[in-house]
Amino acid sequence: MAPAPSWSAEAAPSGAEQAPSPAETAAAAATPGRRRLALPRRIAAKLFGRVADYGRRYLQAPVLHELGEQRALSHALLDELRHTRLHVVQLERQLEALAIEHGRSVSALAALANGHGQQLTAMLAAQDALALRQERMAEEQGQIARTHSERLFAIEGIAATSVTHLETLPALFGPRFDELEIKQRPLIAYDDESMAIRMRDGYVMAPRHLPTFVTMLANATSRGLEPGTGDVLRRLIQPGMVVADVGANIGLLTLVMAWATGPSGHVIAFEPEAVPRSNLEKMKHLNGLSWVEVRDQAVGESAGRLTFHVSDIIGHSSLYALPDAEEARTVEVEVVRLDDVAPAQRLDVVKIDVEGAELDVLAGMKGVIAKNPDLAIVAEFGPEHLKRVGQTPAQWFKAFGDAGFTPYMIDETRGDCVKTNAKAAAKVVSANIAFVRAGGDAQKRLLNR
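Here is what the cut-offs are and how they apply
- Residues numbered from 1 in each chain as written.
- Predicted model: local features only at pLDDT ≥ 70, side-chain atom pairs only at ≥ 80, totals over all residues.
- Heavy atoms only, no water.
- Helix = DSSP H or I, 4+ residues; strand = E, 2+ residues; numbered from the N terminus.
- Buried < 20%, exposed > 50% of the residue type's maximum accessible area, 1.4 Å probe, protein only.
- Contact = heavy atoms within 4.5 Å.
- Areas by Shrake-Rupley, 256 points an atom, 1.4 Å probe, with all protein chains shown as cover.
- Pairing = 2+ DSSP bridges.
- Axes fitted to C-alpha atoms, helices over the stretch in contact; angles between N-to-C directions.
- Core = buried A, V, L, I, M, F, W, Y, C linked by side-chain atoms within 4.5 Å.
- Polar contact = N/O pair within 3.5 Å; in protein donor to acceptor, adjacent residues only side chain to side chain.
- Salt bridge = Lys/Arg side-chain N within 4 Å of Asp/Glu carboxyl O.
- Arc of directions from axis to C-beta.
- Phe/Tyr/Trp six-rings, centres within 6.5 Å; stacked < 30°, edge-to-face > 60°.
- Parallel < 35°, antiparallel > 145°, perpendicular 65-115°, else oblique.
- Left-handed = near helix turned anticlockwise from the far one by under 90°.
- Nonpolar A, V, L, I, M, F, W, Y, C, P; charged D, E, K, R; others polar.

Student: Just to check I follow, could you spell out the overall build of the protein chain for this structure?
Tutor: When its secondary structure is counted, the protein chain shows 13 helices and 14 strands. By residue count, 34% of the 449 residues in the protein chain fall in the buried class. Across the protein chain, every contact between residues at least 6 apart in sequence was considered, and the portion connecting residues at least 24 apart equals 67%. Accessible surface, the protein chain as shown: approximately 28000 Å² in total, 59% of it carbon and sulfur.

Take a look at the structure:
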């Protein structure tokens, strides 16, 4: 450091002058140092000034660039605004022109409406006149309608009479059609013992040595000798059922039952007499009825062997003695119960034609009746047969009633069934009776419900 200045006596102020203050003394002492720093400061000021100027320009450049772009955008917007203003002015002029045109159109429409009003008045007047004409025409049409109604009423009466007449035509022409059908069905000599006759469901075989019976079959319709019973069996039997034909004879109804149950079902046909059974076997094979089982047994109340009375009249043979005029010979046959031969005691429909032995068959199927709640039975009822075996119609019907069955007499012509009883049935020579349980499905099928 520089030495502090000394004060000599010569330099001291006179008695009138004041001595320097401490601050002045300190400032005077610092002056030589400031002089030494003045040059570096000037150099630093120039250097940092240029750097600051460069930094300022560097920082201002993007701002200036952005300001330039904004200025150019502003000029573009101003130009667009001027164009828009011009377009608006043009639109205003067009709107004014449209307003003028609209005014002219309104004036024209007003004039046109005035003219239309006059036309409308004229049209209303014309409509009034037309309404009057329509009223008159309506009155005339009403009169015509009444006349037509009277004529239609008369025509309906004629039509009803015509329908009544038409309903009688089947009865008039049915036999003629049957006759034509019979003539178209030739008899076929199947072998030395049998004639083949075409029926609705296939061929049946008849013994050639019984020409009367063959002729009966040939003259029958394709529905056979008991057409109503055949129709009833078709209604009662459904595919897959197990059924029995007790007293099958040559198989007229066995054929019906076989096609009703189909290959998925099973038919057991009982015929103890040799000649009918032989034709039954031929019928089965000719028609391909593999699901039909033919058995050479009679059916009764107890199993064993009994005398079988063979009649000259086919279908009249019986376990009971026949009138002298009919009986030709006797043979011993095996007798079985349905309870013993029915598969697992299942039977859905049983047809019985045993010339007075029906109650014996019924007594031998108590287990079948108990195990098959929807069982249906079709049995031949013959007062003369019952008289021969010592039974009455009342006893016969009571036995079926005690087993839980309701009787219906079969109309062989139409296949209809009517509820019956012993008193009503006793008036007929012979009839097939359908027995079903009330409320069961079999009853519904029987009555087509």
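Student: Sorry if this is basic, but what is going on with the sheet that holds strand S12 (residues 406-410) here?
Tutor: Within a sheet, each strand pairs with its neighbour through backbone hydrogen bonds, oriented either parallel or antiparallel. Ordered in space as S6-S5-S4-S10-S11-S14-S12-S13, the 8 strands form an open sheet in which the pairing is mixed. Each edge of the open sheet is held by one strand with a lone partner, namely strand S6 (292-295) and strand S13 (417-419). Within this sheet the neighbouring strands show an average axis-to-axis angle of 20°, counted without direction. The pairing of strand S4 (residues 242-246) with strand S10 (residues 349-352) spans 4 bridges and is classified as parallel. Note on S10: the bridge partner recorded for Val-243 is Val-349.

Student: What is the right way to read the nonpolar core from this model?
Tutor: Looking at soluble globular proteins, one finds that nonpolar side chains tend to be buried together. Within the largest apolar cluster, 45 residues are counted, with the highest numbers of intra-cluster contacts made by Leu-217, Leu-233, Leu-236, Ile-237, Val-349 and Leu-446. In terms of residue count, the dominant contributor to this core is helix H5 (residues 252-261) (7 residues). Among all residues touching Leu-233, those that are not within four sequence positions of it are Leu-253, Val-256, Met-257, Ala-260, Val-349 and Val-378. Counting 36 residues, the second-largest nonpolar core is a separate cluster that includes Ile-268, Val-299, Leu-375 and Phe-381.

Student: Got a minute to help me understand the side chain of Ser-194 in this structure?
Tutor: Considering the arrangement of structural elements, one finds Ser-194 in strand S2 (residues 194-199). Relative accessible area serves as the criterion here: at 0%, Ser-194 is assigned to the buried category. At 2.9 Å, the side chain of Ser-194 and the side chain of Lys-282 are in polar contact. Residue contacts for Ser-194: discarding those within four places in its chain leaves Ile-188, Ala-189, Met-205, Ala-206, Arg-208, Asn-279 and Lys-282.

Student: I'm lost on the pattern of salt bridges in this one. Help?
Tutor: As a working rule, side chains carrying opposite charge can pair if their charged atoms are close by. One pass over the structure, following the stated rule, counts 17 salt bridges. With its nearest N and O atoms 3.8 Å apart, the salt bridge here joins Asp-231 to Arg-200. Placement of Asp-231 in helix H4 (residues 227-236) and of Arg-200 in the loop between S2 and strand S3 (202-207) is noted, with a sequence separation of 31 residues between them. Since its relative accessible area comes to 45%, Arg-200 is described here as partly exposed.

Student: How do you make sense of helix H3 (residues 211-219) when you look at a structure like this?
Tutor: Think of an α-helix as turning once every 3.6 residues; residues three or four places apart then point the same way. Of the residues making up H3, those classed as buried are Phe-213, Val-214, Leu-217 and Ala-218. What you see down the axis of H3 is that its buried residues fit within an arc of 140°, all on one side. Among the exposed residues of H3, those pointing more than 90 degrees away from its buried face are Pro-211, Thr-212 and Asn-219.

Student: Looking at this structure, I do not really get the pairing of strand S14 (residues 431-436). What am I missing?
Tutor: Within S14, 6 of the 6 residues are buried, leaving the element largely enclosed by the surrounding structure. The alternating pattern of S14 places Ala-431, Ile-433 and Phe-435 and Asn-432, Ala-434 and Val-436 on opposite faces, both of which are buried. Examined bridge by bridge, S12 and S14 share 4 bridges and lie antiparallel to one another. Note that in S14 the partner of Thr-406 across the bridge is Val-436.

Student: I would appreciate a short explanation of the packing of aromatic side chains in the present structure.
Tutor: Ring pairs (aromatic) are described by centroid distance and by the angle formed between their planes. For the structure shown, the criterion picks out 8 aromatic pairs. Judged by centre distance (5.2 Å) and plane angle (75°), the ring pair of Trp-396 and Phe-397 falls under edge-to-face. Pair check on accessibility: Trp-396 and Phe-397 agree, each one buried. Judged by centre distance (6.3 Å) and plane angle (55°), the rings of Phe-397 and Phe-435 are tilted. Of the two residues, Phe-397 sits in helix H11 (residues 393-402) while Phe-435 sits in strand S14, which places them 38 residues apart along the sequence. Residue Phe-397 is classed as buried on the basis of its relative accessible area, which comes to 9%. Judged by its relative accessible area of 1%, Phe-435 is buried.

Student: Explain the sheet that holds strand S1 (residues 188-189) here, please?
Tutor: An order of S1-S2-S3 is seen for the 3 strands of this open sheet, with the pairing classed as antiparallel. Edge positions in the sheet fall to S1 and S3, since each of these pairs with one other strand and no more. Direction of pairing for S1 relative to S2: antiparallel, over a ladder of 2 bridges. Directly across from Ile-188, in S2, lies its bridge partner Ala-196.

Student: Looking at this structure, I do not really get the environment of Glu-271. What am I missing?
Tutor: Positionally, Glu-271 belongs in the loop between strand S5 (266-270) and helix H6 (274-286). Distance from Glu-271 to Gly-251, taken between C-alpha atoms, is 9.2 Å for residues 20 residues apart in sequence.

Student: Mind showing me how you'd approach the packing of H4 against H5 here?
Tutor: When two helices pack together, you describe them by how their axes are tilted relative to each other and by the distance separating the axes. Two elements in contact, H4 and H5, have axes separated by 9 Å at closest approach and are oriented at 25°. For the element pair H4 / H5, the angle class is roughly parallel. Crossing hand, H4 versus H5: right-handed. Between H4, through Thr-229, Gly-230, Leu-233 and Arg-234, and H5, the contact on the second element is made entirely by Leu-253, Val-256, Met-257 and Ala-260. Broken down by class, the residue content of the contact of H4 with H5 amounts to 5 nonpolar, 2 polar and 1 charged.

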